[in-house]
Amino acid sequence: MTKTDLNKYRNILETKQGELEHVIRNREAITIEKSPDALDEVQHAAERELAIRNLDRESQLLRNVRGALRRLDDGSYGVCLHCEEDISPKRLNAVPWTPLCIQCQEAVDRSRDENNDSVDELLVNAA
Ligand SMILES: [Zn+2]
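All values derive from a computational prediction rather than experimental measurement. (Residues numbered from 1 in each chain as written. Predicted model: local features only at pLDDT ≥ 70, side-chain atom pairs only at ≥ 80, totals over all residues. Heavy atoms only, no water.)

### Quick notes on the overall build of the chain
Our working rule: Only DSSP runs of H or I reaching four residues or more are called helices, and only runs of E reaching two or more are called strands; each is numbered from the N terminus. The buried label applies to any residue whose accessible area, calculated with a 1.4 Å probe on protein chains only, is under 20% of its type's maximum; exposed applies above 50%, and partly exposed to all values in between. Two residues qualify as a contact provided that any one of their heavy atoms is within 4.5 Å of a heavy atom in the partner residue.
Scanning the chain from terminus to terminus reveals five helices and zero strands. Shown N-terminal to C-terminal, the secondary structure of the chain runs as helices and strands in the order α-α-α-α-α. Counting over 127 residues, the chain shows a buried share of 31%. In the chain, the proportion of contacts linking residues at least 24 apart, taken out of those at least 6 apart, comes to 56%.

Right under this line is the structure:
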């Protein structure tokens, strides 16, 4: 990967990181907001639950983005964490924060379907 490529991905990742930090900060504010009106409680509970689910997803994404930035720093960016093959430029352009090549990602998706947590752990440790 050329220096120009690396700089391009760093820009994308830093922008994404800033966006996610902003969204997550705002969502935390929504999540803890409490209504004094009991009638609103059911509505609020549903909104809070949705907010928490989104927060989980955004937090996971932010971990991936930060992990990718760290790999840019240590020179391992663009290499699959699982099989250590280069991740295709096409995939990096689509998902610049991905830690996995497409083959390994598909294996993860398949094992998720089978409720196998071991690859999830790999990803959490990698993030
Ligand atoms: Zn791989």
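Alright, that's what it looks like, and here's the rest.
### What to know about the coordination of the zinc ion
To be explicit about the condition: The rule for donors is simple: N, O or S, within 2.8 Å of the metal, or within 3.2 Å if the metal is Na, K or Ca. Water isn't counted, so a site may look like it is missing partners. Geometry is assigned from the angles between donors: four donors with all angles from 85 to 135 degrees make a tetrahedral site, four or six donors whose opposite pairs exceed 155 degrees while the rest stay between 65 and 115 make square planar or octahedral sites respectively, and everything else is labelled irregular.
All of the protein donors around the zinc ion are C80 (SG), C83 (SG), C101 (SG) and C104 (SG); their distances to the metal are 2.3 Å. Angles of 106 to 114 degrees at the metal separate the four donor atoms of the zinc ion, which places the site in the tetrahedral class. Here the donor residues of the zinc ion are spaced in sequence according to C-x2-C-x17-C-x2-C. A residue pair is termed long-range when its members are at least 10 positions apart, and C83 in the loop between α2 (40-74) and α3 (89-94) and C104 in helix α4 (residues 102-113) qualify at 21 residues. Classification of C104 as buried rests on a relative accessible area of 9%.

### Quick notes on unusual backbone geometry
With a phi close to 65 degrees, E84 is a non-glycine residue in the positive phi region. Within the secondary structure layout, E84 lies in the loop between α2 and α3. A residue is classified by how much of its surface remains accessible, and E84, at 62% relative accessible area, is exposed.

### Overview of the nonpolar core
Inclusion rule: The nonpolar core is taken to be a set of buried Ala, Val, Leu, Ile, Met, Phe, Trp, Tyr and Cys residues, with the residues joined through side-chain atoms within 4.5 Å.
Core analysis: the largest hydrophobic core is formed by 19 residues, its most contacted members being L13, V65, Y77 and C80. Counting residues per element, the ones that place at least two in this core are α1 (3-32), α2 and α4. With six residues, α2 is the single largest residue contributor to this core. When residues no more than four places from it in sequence are discounted, the contact partners of L13 are V65, A68, L69, L72, Y77, P96 and W97.

### Re the confidence of the model for the chain
We count it as follows: Confidence of the prediction at every residue is given by pLDDT, a number between 0 and 100.
Summary statistics for the chain give a mean pLDDT of 86 and a share of 82% for residues scoring 70 or more. Averaged over each element, pLDDT in the chain is lowest for helix α5 (residues 118-126) (56) and highest for α3 (95).

### Observations regarding the side chain of R91
How we decide: Charged residues are defined here as Lys and Arg on the positive side and Asp and Glu on the negative side; His and the ends of the chain fall outside this count. Salt-bridge detection follows one rule: a side-chain nitrogen of Lys or Arg within 4 Å of a carboxyl oxygen of Asp or Glu. We call two N or O atoms a polar contact when they sit within 3.5 Å, provided that within protein one can donate a hydrogen and the other can accept it, with sequence-adjacent residues counted only if both atoms are side-chain atoms.
Inspection of the secondary structure puts R91 in helix α3. In this structure, R91 is buried with no salt-bridge partner, the nearest side chain bearing the opposite charge being D109 at 7.3 Å. Within the structure, the side chain of R91 is placed 3.3 Å from the side chain of Q105, a separation counted as a polar contact. In this structure R91 touches T98, L100, C101, I102 and Q105, once residues within four positions along its chain are discounted.

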